[in-house]
Amino acid sequence: MRLVIGSDHAGWILKQTVIEHLGALGHEIIDVGSHDDRPVDFPDIARALVGKITGGEAERGIMVCGTGVGASIAANKMPGIRAAVCHDVHSAHQSVEHDDVNVMCIGAQIVGPWLARDLISAYLAAEFSTDEDMRRRVAKLHDMDRQSQA
Ligand SMILES: O=C[C@H](O)[C@H](O)[C@H](O)COP(=O)(O)O
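Per an unreviewed UniProt entry, the chain goes by the name Ribose 5-phosphate isomerase B and belongs to Rhodovastum atsumiense. The annotation that UniProt attaches to the chain under Sequence similarities (unreviewed entry) is "Belongs to the LacAB/RpiB family."

A.B. asks: Sorry, what's going on with the sheet that holds strand β5 (residues 103–107) here?
C.D. replies: Paired through their backbone hydrogen bonds, the strands of a sheet run either parallel or antiparallel. Strand order in the open sheet made by the five strands is β2-β1-β3-β5-β4, with parallel pairing throughout. Unpaired on one side and paired on the other, β2 (28–31) and β4 (83–85) mark the two borders of the sheet. Averaged over all adjacent pairs, the angle separating strand axes in this sheet is 25°, with direction ignored. Relative to β5, β4 is paired through three bridges, and the arrangement is parallel. What sits directly across from A84, in β5, is M104.

A.B. asks: Whenever I open this one, helix α4 (residues 89–99) confuses me. Can you help?
C.D. replies: In an α-helix, one turn spans 3.6 residues; hence positions three or four apart end up facing the same way. Buried within α4 we find A92, S95 and V96. In a view along the axis of α4, the buried residues occupy a sector of 90°, so they form one face of it. N-cap assignment for α4: the residue whose side-chain oxygen lies 3.2 Å from the backbone N of H90 is D88. Taken from the residues just after α4, D100 is the one with a positive phi, measuring 55°.

A.B. asks: Is there a simple way to explain the environment of S7 in this structure?
C.D. replies: For S7, the position within the fold is in strand β1 (residues 2–7). Considering only alpha carbons, one finds S7 and D88, 81 residues apart in sequence, at a separation of 19 Å.

A.B. asks: Sorry if this is basic, but what is going on with the pairing of strand β3 (residues 60–65) here?
C.D. replies: Here β3 lies mainly inside the structure; six of its six residues are buried. Bridge analysis of β1 against β3 gives five bridges, and the strand direction is parallel. Following the sheet pairing, S7 is matched in β3 by V64. Taken together, the five bridges between β3 and β5 define a ladder with parallel strand orientation. Within β5, the residue paired with G61 across the bridge is V103.

Thresholds, definitions, all that
- Starting afresh in each chain, residues are numbered from 1 along the sequence in its written order.
- Residue-level local features of this predicted model are given only where pLDDT is at least 70; pairs of side-chain atoms are given and counted only at 80 or more, and the full residue set underlies all totals for whole chains, interfaces and linings.
- Each side-chain value is derived from all of the structure's non-hydrogen atoms; neither hydrogens nor water enter the calculation.
- UniProt positions are given in the numbering used here, feature names are shortened, and annotations may be inferred rather than shown by experiment.
- Only strands joined by at least two bridges in the DSSP assignment are considered to pair.
- A run of H or I in DSSP becomes a helix once it reaches four residues, and a run of E becomes a strand once it reaches two; helices and strands are each numbered from the N terminus.
- Fitted lines through C-alpha atoms serve as axes, helices being fitted only where they are in contact, and the angles separating the N-to-C directions of these axes extend from 0 to 180 degrees.
- Between buried and exposed lies partly exposed: a residue is buried under 20% and exposed over 50% of the maximum accessible area for its type, with that area taken using a 1.4 Å probe on protein chains only.
- Working note: the arc is built from the helix axis to C-beta atom directions.
- Whenever a nitrogen or oxygen atom comes within 3.5 Å of another N or O atom, the pair is scored as a polar contact, on the condition that within protein one atom can donate a hydrogen and the other can accept it, and that pairs from neighbouring residues in sequence are kept only if both atoms are in side chains.

Here is the structure:
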């Protein structure tokens, strides 16, 4: 899968673990930073990350900040993005299966490298359900995106 990954300063160390894991799984990765612990504003990284998805360069994204919360708020501001903080394996796969989540957000202050690997594996193995209830609900999210742009 073509993936985009990003972090702020609070998440960049965990991001390196994530990148190694994704490489081992054979995914193509675009890294939009950050690359060290110098402070950077998570909305700026989130904007760069989601731009790769809305621009068609990546299918899904993973963003790491301190809690995952700022990353998800910022990513969800952009039409076409369905971002969620996932700190348990059930949410990591069900968010894709039911909600077609395309940006998973992880908090490096909450989740360690072993759980992060499990979360990512669950997220990437999951596919959006063909169930008509799930499809209708996500179609309503698309409607909300369109209405917010009108
Ligand atoms: O939701 C926001 C994120 O957790 C940020 O990573 C966090 O606010 C960064 O905080 P600080 O600048 O104190 O490292």
